[in-house]
Amino acid sequence: MMPLDSNDLLKARDLLQQGDVVAIPTETVYGLAASIESEKGLRKIFAVKERPFFDPLIVHVASIKEAQSLAAEWPPLADYLARSFWPGPLTVVVPKASHVNSLITSGLDTVAIRFPSHPIAQDLIRMTGTPLAAPSANKFGRTSPSRAEHVRSEFPDPNLMIIDGGDCEVGLESTVIALGKNAEGKDEVSILRPGAVTREMLEETLERWWPQATVSRTESQASPGHLEHHYMPKIPLAIVPESTSHPLGRTMLDSIAAQLKRDAATEARELVLSDDAAQAAQELYGEMRRLAESGADLLWIRSRPDRKGGLWMAIWDRIKRAATVDLTR
Ligand code: TXA
Ligand code: MG
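Let me begin by describing the structure that accompanies this report.

## Considerations on the overall build of the protein chain
Part 1: Of regular secondary structure, the protein chain possesses 11 helices and 14 strands.
Part 2: Taking 20 Å as the expected radius of gyration for a compact globule of 329 residues, we find that the protein chain reaches 20 Å, a close match to that expectation.
Part 3: Seen through its principal axes, the protein chain has C-alpha atoms that stretch 60 × 55 × 35 Å.
Part 4: Counting contacts in the protein chain only where the partners sit at least 6 residues apart, residues at least 24 apart contribute 71% of the total.
Part 5: Roughly 14400 Å² of accessible area belongs to the protein chain as shown, and the carbon and sulfur atoms make up 51% of that amount.
Part 6: Across the protein chain, the 37 positively charged side chains and the 44 negatively charged ones have centroids separated by 3 Å.

## Some details on the sheet that holds strand β14 (residues 325-326)
Part 1: The sheet built from 4 strands is open, its strands ordered β12-β13-β11-β14 with parallel pairing. Unpaired on one side and paired on the other, β12 (268-270) and β14 mark the two borders of the sheet.
Part 2: Sheet topology places strand β11 (residues 237-240) next to β14; 2 bridges connect them, and they run parallel. Across the sheet, residue Ala238 finds its bridge partner in β14, namely Val325.
Part 3: Sitting on the sheet, helix α11 (residues 312-322) touches β11, β13 (298-302) and β14, and the angle it makes with β11 is about 120°.

## Some points on the nonpolar core
Part 1: Counting residues in hydrophobic clusters, the biggest one holds 51 residues, and the most contacted among them are Trp74, Leu81, Trp86, Leu202 and Leu206.
Part 2: With 6 residues, the top contributor of residues to this core is helix α4 (residues 76-85).
Part 3: Once you skip the residues sitting within four places of it in the chain, Leu202 turns out to touch Leu81, Phe85, Ile177, Val189, Ile191, Val197 and Val215.
Part 4: The next biggest cluster of nonpolar side chains, apart from the first, holds 29 residues, and it includes Ala196, Leu273, Leu291 and Leu311.

## A look at the packing of aromatic side chains
For any two aromatic rings, the description comes down to two numbers: the centre-to-centre distance and the angle of the planes.
Part 1: Scanning the model with the defined rule gives 5 aromatic pairs in all.
Part 2: Aromatic side chains Phe46 and Phe53 sit 4.6 Å apart centroid to centroid with 35° between the ring planes, which places their arrangement in the tilted category.
Part 3: Ring geometry for Tyr231 against Tyr285: centres 6.3 Å apart, planes inclined by 20°, an arrangement best described as stacked. Of the two residues, Tyr231 sits in the loop between β10 (214-217) and β11 while Tyr285 sits in helix α10 (residues 277-292), which places them 54 residues apart along the sequence.
Part 4: Taken together through their ring pairs, the aromatic side chains of Trp74, Trp86 and Phe115 make up a single cluster.

## Comments concerning the pattern of salt bridges
Part 1: Under the criterion given, the structure shown has 22 salt bridges.
Part 2: Across the pair Arg43 and Glu39 runs a salt bridge, and its minimum N-O distance is 2.9 Å. With Arg43 and Glu39 both in helix α2 (residues 39-49) and 4 residues apart, this pair spans about one turn of that helix.
Part 3: Residue Arg43 is classed as partly exposed on the basis of its relative accessible area of 42%.
Part 4: Residue classification places Glu39 among the partly exposed positions, given a relative accessible area of 37%.
Part 5: In this structure, a network of salt bridges that share partners links the residues Glu173, Arg217, Asp317, Arg318 and Arg321.

## A look at the packing of α10 against α11
Any two packed helices are characterised by the angle at which their axes cross and by the distance between the axes.
Part 1: Look at α10 against α11: their axes get within 9 Å of each other, and the N-to-C directions meet at 20°. As summarised for this structure, α10 and α11 are arranged roughly parallel, according to the angle between their axes. Where α10 crosses over α11, the handedness of that crossing is left-handed. On α11, the residues that touch Ala277, Ala280, Ala281, Leu284, Tyr285 and Met288 of α10 are Trp312, Ile315, Arg318, Ile319 and Ala322.
Part 2: For the contact of α10 with α11, a count of residues per class yields 10 nonpolar, no polar and 1 charged.

Cut-offs used in this document
Numbers given for residues are sequential positions, taken from 1 along each chain in its written order. The order in which chains are written sets their letters, starting at A; the order in which ligands are written sets their numbers, starting at 1. Whole-chain, interface and lining totals are the exception, using all residues; otherwise, since this is a predicted model, local features are given only for residues with pLDDT of at least 70 and side-chain atom pairs are given and counted only at 80 or more. Hydrogens and water molecules were not included; the side-chain quantities draw on all heavy atoms of the structure. Numbering of helices and strands starts at the N terminus; helices are DSSP runs of H or I of at least 4 residues and strands are runs of E of at least 2. Between the two quantities, the radius of gyration covers C-alpha atoms and the globule rule is 2.2 Å times the number of residues to the power 0.38. Residues count as neighbours in contact if any of their non-hydrogen atoms are within 4.5 Å of one another. Accessible areas in this description were obtained via Shrake-Rupley with a 1.4 Å probe; residue shielding takes into account the shown protein chains only. Under the convention used here, Asp and Glu are negative, Lys and Arg are positive, and both His and the chain ends fall outside the count. A charge is said to be at NZ when it belongs to Lys, at CZ for Arg, at CG for Asp and at CD for Glu. Pairing between strands is defined by DSSP: at least two bridges between them are needed. To get an axis, a line is fitted to the C-alpha atoms, and for a helix only the part in contact is used. The angle between two axes follows their N-to-C directions and goes from 0 to 180 degrees. Throughout, nonpolar core names a set of buried Ala, Val, Leu, Ile, Met, Phe, Trp, Tyr and Cys residues whose side chains join them through atoms within 4.5 Å. Relative accessible area decides the class of each residue, using a 1.4 Å probe on protein chains only: under 20% of the type maximum gives buried, over 50% gives exposed, and in between gives partly exposed. Whether two aromatic rings pair depends on their centres lying within 6.5 Å, for rings of Phe, Tyr and Trp, where Trp uses its six-membered ring; planes under 30 degrees apart make the pair stacked, over 60 edge-to-face, and the rest tilted. Any Lys or Arg side-chain nitrogen found within 4 Å of a carboxyl oxygen on Asp or Glu counts as a salt bridge. For classification purposes, angles smaller than 35 degrees are called roughly parallel, those larger than 145 roughly antiparallel, those between 65 and 115 roughly perpendicular, and all remaining angles oblique. If you view the pair so one helix is near and one far, a crossing is left-handed when the near helix is turned anticlockwise from the far one by less than a right angle, and right-handed when it is turned clockwise. Each residue is assigned to one of three groups, with Ala, Val, Leu, Ile, Met, Phe, Trp, Tyr, Cys and Pro labelled nonpolar, Asp, Glu, Lys and Arg labelled charged, and all others, Gly among them, labelled polar.

Here it is as structure tokens:
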């Protein structure tokens, strides 16, 4: 990590205020930020990422008050969860205030808001004087960056300013939740994208002061942009049964090749994750990038049905979306 100069933050602030984009560290992954007040900056995010306009952006704030100013309605449950988990890796979807640019929300009437815990992200939001819209700083559909060098390899343009804040602590994108009612008319928290604020953590927190509320996991469609194939490394990733031996045998290589409709891989590398979920999450994207750039033409990972619950839910969600072949389903 390069030592950070306070002039860098001032320069980043100027760029953001002038309608440019800057890559910034957060505790989850690096973001490609623009001021929400700059239509030019917002458009540049989509252009640089080659991101379709149907995929809405998360707005980053540095206080709960700032979050409230973006919402047409700030439900008591949103407030309770924000106060429980912010600053941190939780994004809350609420009805949007009319002044929020519809480029951010892809025309939806809701806005996704997050208060990051990374001190550099917080400083930049405060210095810029407006919330910052920031998707992960990678080309659309690709693996998110958890280190400044990852951002540079995604966007080699030397004109893009990247603030190096070291390795991201979490390594996976934030948990995205929406608030609604369940079949009995009780409050319900829907997890649109799992992350480091886990289902169990949400349940435990609700149990204390909001015992009537339930938590559910909502699959892809409800979270626009959280597509089935996303977070893809540059070479195919295959999920294979747990009992598969290392190195991959001929039969396995052939069945993967048949599914990919191409010749069998000659350099297959195994993606091995730590037994410790927090460490596995932190390393996942870096390992996927390292292996994809190691001259291999196939990545594979053993399915581990025993690794479930907690943070593993988010880890497997990303692995499944990153995979081109899943021989376990
Ligand atoms: O950890 C993170 O959330 C990172 C860092 C940079 O903060 N950001 C991030 O942004 O992952 P991005 O653009 O890669 O993912 C944003 C996702 C969208 O694809 C969509 O699934 C969801 O957030 N989202 C945004 N606005 C939404 C809305 N109004 N309703 C439902 N989902 C929304
Ligand atoms: Mg992303």
